[in-house]
Amino acid sequence: MSGADRPIVRVEGLVRNYQLGEVTVHALRGVDLTVYPGEFIAIMGASGSGKSTFMNLVGCLDRPTRGRYLLDGEDVSGLEGDRLAAIRNRKIGFVFQGFNLLPRTTALENVELPLLYGGVGASERHRRSLECLRAVGLAGREHHQPTQLSGGQQQRVAIARALVNNPALVMADEPTGNLDSRTSLEVMDLLQDLNSRGMTIVLVTHEPDISRFASRIVRFRDGRVAEDAAHDPLSAHQVLLAMPPESDDDTAT
Amino acid sequence: MDTLVLVRVAARSLAQRKLRSFLAALGLVVGVASVVTMVSAGQAAKAQVSRQIEGLGTNLLLVTPGAVVGSGVRSGAGGKLNLSLTDVEAIRGDCPSAAVACPTVRASVPLAYANRNWSAMIQGCSPEYLQIRSWSLASGAPFGAEAVRSASKVCLLGQAVAERLFPDEDAVGKSVRIRKLIFRVLGVLEEKGQSASGQDQDDIVLAPFTTVQRAIRGVTYIDSILVSAVAPDRIEAAREEIQAVLRRRHKLASGGPDDFTVRSQSELGEMANQAASIMTLLLGGIASVSLLVGGIGIMNIMLVTVTERTREIGVRMAVGARGRDIMLQFLAEAVTICLLGGLPGAALGWLGAAGVASSFGWPMVLEAKSFALALGFSTATGVFFGIYPAWRASRLDPVEALRYE
Ligand SMILES: Nc1ncnc2c1ncn2[C@@H]1O[C@H](COP(=O)(O)OP(=O)(O)O)[C@@H](O)[C@H]1O
Ligand SMILES: [Mg+2]
C-alpha cells in the first residue's frame, strides 16, 4: 500500500442515475475513491447499495452521469463505446459471479478471447494463454469445455482470462457467489496469490466471510461510501489448510 | 480480428446449432436454386433463339428503297420507290457473294373461301423465296418460274390462313378469292410459329410477285429484295457488292448517299436477343422472390441467435470487442449460412435448368458466370439480411448484455 504510487483508479464525485420513465433512480450519489497499485479491495454493502453500478463504471462497461474517473492516469469518463472497449481490453480483467465463459468453447480459447480482440497473433496468443492457465492451476485442462469443468475450475479459467492481457486492474463481482465454501476459499487463495505478486484487485461481495481476505474494505450505503478502512487480511491458504480434507475435491488431479 | 478467425468463429457457432443452420440454409438452397434455374433456363432460351435465327439464315440480307441516315430515320422514303426487277437481276448476275436474290412485293388483302373470310399479308415473291427462308411445304407443290413469268393467279397458304379458310378440308387444289380475283391454292406451308420479332409467320400467303404487282398493287416497282449470301462470312462482301451494283445501276454520283438500304438478318437477330435478355431478367426477378423469402428466414434466425447469445455478446464486449467486431462476427455468420445454402443451391439450380432445357430441346451451356452469380447472390443475401441483426448485436449495452438471463 504505497501511497506514493500513482493511483490505478481515481474517481471523484461519481454519480450514476438511471431513468425509469418518470422516476430517476440514484444508484450512485457521489463517490470518491482512490485505488493504489497492489491493493486488494473488497466492496461491501447491502443489496441495492450501488456496488455493481460502481463496478460497471470502474470497469469501463458504463459511463457516469456525472463525475470524473481517471484510470491509470487517463481520464476515461467521457469516452465513447469503442474507446472504452479498447481500454477494457488493455487495462481491465473481469471475473463474474456466473463465470461467463463462452459455451462449447475450450478453456484455452476462452482465455485467448481478450488477445483475439487485442490483435495479438496466433502463436503469441497461444503461448500467453497456456501460461495463464498453468498459473491458475489448470495445466492439462486446456482443451476442456466449460461443461467438462467444475464450477471452481470454470472460475479459474475466467481468472486466467482476466489475467491474460496483463491488466492494470482485476474486477471481480461476487466471484464466489456460485461456489461452495471450500471452492470459494480456493478461488480466494488464488486471488490472494495473484495480489501478492502485485495484481490490483477490486472485489465486490456481500459476504463478510469473503471480505476478510481483502486488505481494504469499502462499505457502500445508499449510493455513497459509508466506510473505508484498511484491514489485516486473513490468509485463505491458512484457512484451507485448517479445513478437514474433502473427498469430493474438484481441483484434485 | 482477422478474416480467418472470423470465419472460424462463425463456422463453429453454426456447427453448435446444426439443425437450425441447416434449415436456414435450406431456404437459401431453394432461393438460389430457383434463381439459377430461371436465369440459366433464360440463357438457354436465348441460345435457342439465336440458333433459330441462324437456322433462318444469318446469311440473309434485305435491300429496301431509301437510305437510312445516322439516327435510323429513313430519308426520302416516301417518293423513292426505285427498286426494280432489273436490280434483282443485276444482283443475281454481278454479285458473286450473293447466292440467291428474290424480289418481294407485299399487300394486305381480304381472303375468302366459301362463306369464310380472313385477311392476311400476301407476299409476292419468286420461287427462290422458300429456299432463302428455308421454308418448306406441308402439302402441295410450289409455283415455278413459269408462274412468275405469266403472272399466274396461284398461291401458297400459310398454316394459319389454311386453318382459317379450310378448317376441315384440304386446301390444295381449291380456289380462294383474294380481293376480287380467284387464286388457285398450289400448296400449304409448314407451320413456323412466331418470328423473332413476334410476327405470326403462318398468317401469310405467297404468290408470284408479278401477280401481286399487276393484279393487286398495280405497280411496276418492287418493295424489297431478299438476298442470301453464299456463306455467313460473306455477308459483308455481299453487302458491298450489292451496294456497288445498285449504285452503278441507279447512277449515283460517287461520294453521294445511297438511295437504298442493305440490312443483315443479324441486325434483326440482335433485337431478338435483347427480347430474350429481358425475359431472362423477368424470370430471374420472379425467382428472386423465393430468394427473398430465404433471406427473411436468415434474418429471423439471426435475430433469434443474437437474442439467445446476448450474454456471449456481453462477455465479448467486456473483454474488449468493439461494436464492429461484434457486427462482423454476426455478419460473417449470416454470410456463411447463405454460402452453405447457396453453393448446393447453385448446383441444384443448374441441374433444374439442364432439365428444363433438355425437355424443350434447348442448348444448355454451363457458365462459370452463373456460379459466380449464385455466389454473389448468396453473399449479398447474407449481408443484406444479416446486417440488421448484426447491427442490433453491435449496439447492445455491455452491462445489460452481461446481466441478460
Ligand atoms: N439498469 C438499471 N436501471 C434502473 N435501475 C437500476 C439499474 N441498475 C441498477 N439499478 C438500481 O440502482 C441501485 C443500485 O443497484 P446495484 O448497483 O445493482 O446495487 P448492488 O450491486 O449493490 O446490489 C438499485 O436501486 C437498483 O435497483
Ligand atoms: Mg450487485
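Residues numbered from 1 in each chain as written. Chains lettered and ligands numbered in written order. Predicted model: local features only at pLDDT ≥ 70, side-chain atom pairs only at ≥ 80, totals over all residues. Heavy atoms only, no water.

The next point concerns the overall build of chain B. When its secondary structure is counted, chain B shows 13 helices and 12 strands. Looking at the 405 residues of chain B, the share that counts as buried comes to 47%. Contacts in chain B between residues at least 24 apart in sequence constitute 77% of all its contacts with a sequence separation of at least 6. Of the roughly 18900 Å² of accessible surface on chain B, 60% is carried by carbon and sulfur atoms. (Helix = DSSP H or I, 4+ residues; strand = E, 2+ residues; numbered from the N terminus. Buried < 20%, exposed > 50% of the residue type's maximum accessible area, 1.4 Å probe, protein only. Contact = heavy atoms within 4.5 Å. Areas by Shrake-Rupley, 256 points an atom, 1.4 Å probe, with all protein chains shown as cover.)

Right, let's talk about the packing of helix H5 (residues 151-163) of chain A against helix H6 (residues 181-196) of chain A for a bit. All names here are of chain A. Between H5 and H6, the least distance of the axes is 10 Å, while the angle of their chain directions is 20°. It follows from the interaxial angle that H5 and H6 lie roughly parallel. In this structure, H5 meets H6 at a crossing whose hand is right-handed. Here Gly152, Gln155, Arg156, Ile159 and Leu163 of H5 lie close against H6, whose contacting residues are Thr183, Glu186, Val187, Leu190, Leu191 and Leu194. Split by residue class, the contact of H5 with H6 holds 6 nonpolar, 3 polar and 2 charged. (Axes fitted to C-alpha atoms, helices over the stretch in contact; angles between N-to-C directions. Parallel < 35°, antiparallel > 145°, perpendicular 65-115°, else oblique. Left-handed = near helix turned anticlockwise from the far one by under 90°. Nonpolar A, V, L, I, M, F, W, Y, C, P; charged D, E, K, R; others polar.)

Residue and element names in this part refer to chain B. On the surface, Leu19, Phe22, Leu23 and Leu26 cluster together into a nonpolar patch covering about 410 Å² of accessible area. The topology assignment puts leucine 19 in helix H2 (residues 18-57). Here leucine 19 falls in the exposed class, since its relative accessible area comes to 60%. (Patch = residues over 30% accessible without salt bridge, like charges linked within 9 Å, V, L, I, M, F, W, Y side chains within 5 Å. Salt bridge = Lys/Arg side-chain N within 4 Å of Asp/Glu carboxyl O.)

Among the 14 residues in the neighbourhood of ligand 1, the closest are listed as Gly48, Gly50, Lys51, Ser52 and Thr53 of chain A. Of the chains in the model, those with residues near ligand 1 are chains A and B. Glycine 50 of chain A is positioned such that a nitrogen or oxygen atom in its backbone is 3.1 Å from an oxygen atom of ligand 1. Here an oxygen atom of ligand 1 and a side-chain polar atom of serine 52 of chain A are 2.7 Å apart. Computed on the free molecule, ligand 1 has an accessible area of 550 Å², of which 72% lies beneath the protein chains in the complex. Grouping the amino acids of the shell around ligand 1 by side-chain chemistry returns 5 nonpolar, 6 polar and 3 charged. (Near = heavy atom within 4 Å. Polar contact = N/O pair within 3.5 Å; in protein donor to acceptor, adjacent residues only side chain to side chain.)

What follows covers the sheet that holds strand E4 (residues 66-71) of chain A. Residues and elements named next belong to chain A. Strand order in the open sheet formed by 4 strands is E2-E1-E4-E5, with antiparallel pairing between adjacent strands. Edge positions in the open sheet fall to strand E2 (23-35) and strand E5 (74-75), since each of these has one partner strand only. Where helix H1 (residues 51-58) meets the sheet, it contacts strand E1 (9-20), E2 and E4, and its direction lies at approximately 120° from that of E1. (Pairing = 2+ DSSP bridges.)

To continue, consider the pattern of salt bridges. Within the structure shown, the criterion is met by 34 salt bridges over all chains. The partner of arginine 29 of chain A in a salt bridge is aspartate 222 of chain A, with the nearest N and O atoms 4.0 Å apart. Of this pair, arginine 29 of chain A sits in strand E2 while aspartate 222 of chain A sits in the loop between strand E9 (216-221) and strand E10 (224-230), and the two are 193 residues apart along the sequence. On the accessibility criterion, arginine 29 of chain A (35% relative accessible area) is partly exposed. Owing to a relative accessible area of 48%, aspartate 222 of chain A belongs among the partly exposed residues under this scheme. Between glutamate 333 of chain B and arginine 309 of chain B there is a salt bridge, with its nearest N and O atoms 2.9 Å apart. Placement of glutamate 333 of chain B in helix H11 (residues 323-360) and of arginine 309 of chain B in the loop between helix H9 (265-308) and helix H10 (310-318) is noted, with a sequence separation of 24 residues between them. What you see here is one network of salt bridges that share partners, running through Arg6, Asp72, Glu74 and Lys91 of chain A.

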